[in-house]
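What follows is each chain in one-letter form.
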Amino acid sequence: MPGSDDPSGDAVLYEATASGVAILTFNRPERLNAWGPDIAAGFYAAIDRAEADPAIRVIVLTGRGRGFCAGAYLGAPGSAPKVGETMERAAKTGLADLVGERPPHFVTTLRKPVVAAINGSCVGIGLTQALMCDVRFAAAGAKFAAVFARRGLIAEFGISWILPRLTGWGAALDLLLSGRTFLAEEAAELGLVKEVVAPQDLMPRALAYAEDIAANCSPASMAVIKHQVYGDASRDVVEATSRAEVLLHEAMPRPDVVEGITSFLQKRPPRFPSLSSTDAQASPVHRKG
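Rules of the game
Residues numbered from 1 in each chain as written. Predicted model: local features only at pLDDT ≥ 70, side-chain atom pairs only at ≥ 80, totals over all residues. Heavy atoms only, no water. 1 Å grid on protein atoms, 1.4 Å probe; cavity = no way out; pocket = protein on both sides within 12 Å on 5 of 7 lines; lining within 4 Å. Points joined across faces, edges and corners; volume = space filled by probe spheres on them. Nonpolar A, V, L, I, M, F, W, Y, C, P; charged D, E, K, R; others polar. Domains from an automatic or database assignment. Helix = DSSP H or I, 4+ residues; strand = E, 2+ residues; numbered from the N terminus. Contact = heavy atoms within 4.5 Å. Disulfide = S-S within 2.5 Å. Phe/Tyr/Trp six-rings, centres within 6.5 Å; stacked < 30°, edge-to-face > 60°. Buried < 20%, exposed > 50% of the residue type's maximum accessible area, 1.4 Å probe, protein only. Lys NZ or Arg CZ within 6 Å of the ring centre and 35° of its normal. Arc of directions from axis to C-beta. Pairing = 2+ DSSP bridges. Axes fitted to C-alpha atoms, helices over the stretch in contact; angles between N-to-C directions. pLDDT = per-residue confidence, 0-100.

Trainee: With reference to specific residues and values, describe empty space enclosed by the protein.
Mentor: Tallying each qualifying case throughout the model produces one cavity of 30 Å³ or more. Volume-wise, the largest cavity comes out at about 30 Å³. Lining the largest cavity, in full, are Ile 56, Arg 57, Arg 111, Lys 112, Pro 113, Pro 219, Met 222 and Leu 275. Grouping the constituent residues of the lining of the largest cavity by class yields five nonpolar, no polar and three charged. When we break the lining of the largest cavity down by domain, the ones giving at least three residues each are domain 1 (12-214) and domain 2 (217-280).

Set out below in structure tokens:
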């Protein structure tokens, strides 16, 4: 593992545990893991690896050092005089060349749960990426900010879609229009994170949560539930209910249902089968049409 000031190592570290959890760690601590092409490429590769591995049932995303992801990498302080030129070039450049080939919301299309363990600064595109994860834990005192208005920008990369759904309109507009910094404790009050824990307890708590899901929840069920929740965000309740009836009939013959009920009646831990590459709603990101 490279030293904390060594930018030459992998931009995203990958670790698979025996319990079926993939741990993805942003590894540019010298810049608070600010988002750039190196982190983007490493993140996509690690996510694809975890999605394709039947042994992996849950993904945990965190950062190394003092930051989770402190926004987009804007360069060193010495580059300030050239910002105008840089922005002119950026306006003529595809977004994929600036922030990567996939928008943050692609995480919502994954079949496997993604748990964010927010260890420090979570700002800008880093905040958007964290909010697109399914569940979030945060270290006490971690700083959050939707700083776009303070940079002359707009609500980028889908944060205007996800933030109001998590906090409600009033709180979302406060955070987006003010661009103010707020701490993990307020993030929990607003519903942005599930729990705030002491920094040294963050990864143990997030891993315990992920391992419980991996051991006791059906991978096929979780894949369909994720597809329902994010898909139903654009449906009315009648359509969502009708769709759920179809999915329920499709679920009934699966071995997961038999195992889930049998293990409950026998008062033992369930032994759910792993997902194959074609099971339970292939990701729309990778699906044609």
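Trainee: Residues and numbers for the side chain of Thr 128, please.
Mentor: Topologically, Thr 128 is positioned in helix H4 (residues 125-131). Each residue touching Thr 128, except ones within four places of it in the same chain, is listed here: Pro 104, Phe 148, Glu 156, Phe 157 and Ile 159.

Trainee: Before we move on, can you summarise the state of the cysteines with the specific residues and values?
Mentor: Among covalent bonds in proteins, the disulfide is the one between the sulfur atoms of two cysteines. Inspection of the entire model under this criterion finds zero disulfides. Left unpaired, Cys 133 is separated from the closest cysteine sulfur, that of Cys 122, by 8.9 Å.

Trainee: Tell me about the packing of aromatic side chains, and name the residues and values.
Mentor: Both the distance between ring centres and the angle between the ring planes are used here to describe each pair of aromatic rings. Scanning all chains against the criterion turns up nine aromatic pairs. A ring pair is formed by Phe 26 and Trp 35, whose centres lie 5.9 Å apart and whose planes are at 90°; its orientation type is edge-to-face. The exposure class of Phe 26 is buried, given its relative accessible area of 0%. Ring centres 5.8 Å apart and planes at 65° place the aromatic pair Phe 26 and Phe 43 in the edge-to-face group. Remark: Phe 43 occurs in helix H1 (residues 37-52) and Phe 26 occurs in strand E2 (residues 21-26); sequence separation between them is 17 residues. Both residues of the pair, Phe 26 and Phe 43, belong to the buried class. One aromatic cluster is present, built from ring pairs that chain together Phe 26, Trp 35, Phe 43, Tyr 44, Phe 68 and Phe 106. Between the NZ or CZ atom of Arg 49 and the centre of the ring of Tyr 14, over which it lies, the distance is 3.9 Å.

Trainee: Can you explain helix H6 (residues 169-178)? Please cite residues and give values.
Mentor: For H6, the set of buried residues is Ala 171, Ala 172, Leu 175 and Leu 176. Buried residues of H6, seen end-on, are gathered within an arc of 125° and therefore sit on one face of the element. In H6, those exposed residues whose orientation departs by more than 90 degrees from the buried face are Trp 169, Gly 170 and Leu 177. Note on H6: the residue one or two positions beyond its end, Gly 179, has a positive phi of about 65°.

Trainee: An account of the sheet that holds strand E4 (residues 67-70) is needed here, citing residue identities and associated values.
Mentor: By definition, the strands of a sheet pair up through backbone hydrogen bonds, in either a parallel or an antiparallel sense. Taken in spatial order, the four strands of this open sheet run E4-E6-E8-E9, and their pairing is mixed. In this open sheet, the two strands that pair with only one neighbour each are E4 and strand E9 (181-183). Taken over all neighbouring pairs, the strand axes of this sheet differ in orientation by 25° on average, direction set aside. Two elements, E4 and strand E6 (residues 121-123), share three bridges in a ladder whose sense is parallel. The partner of Ala 70 across the bridge, within E6, is Val 123.

Trainee: Explain the confidence of the model for the chain to me, using residue names and the numbers behind them.
Mentor: Segments scoring low in pLDDT should not have their predicted coordinates read at a detailed level. Counting all residues, the mean pLDDT for the chain is 84, and 78% of those residues have values of 70 or more. Contacts of residues 1-6 to residues separated by more than four positions or lying in other chains number nine contacts, the stretch itself having pLDDT below 50. In this model, residues 77-93 is a region of pLDDT below 50 whose contacts with residues beyond four sequence positions or in other chains number three contacts.

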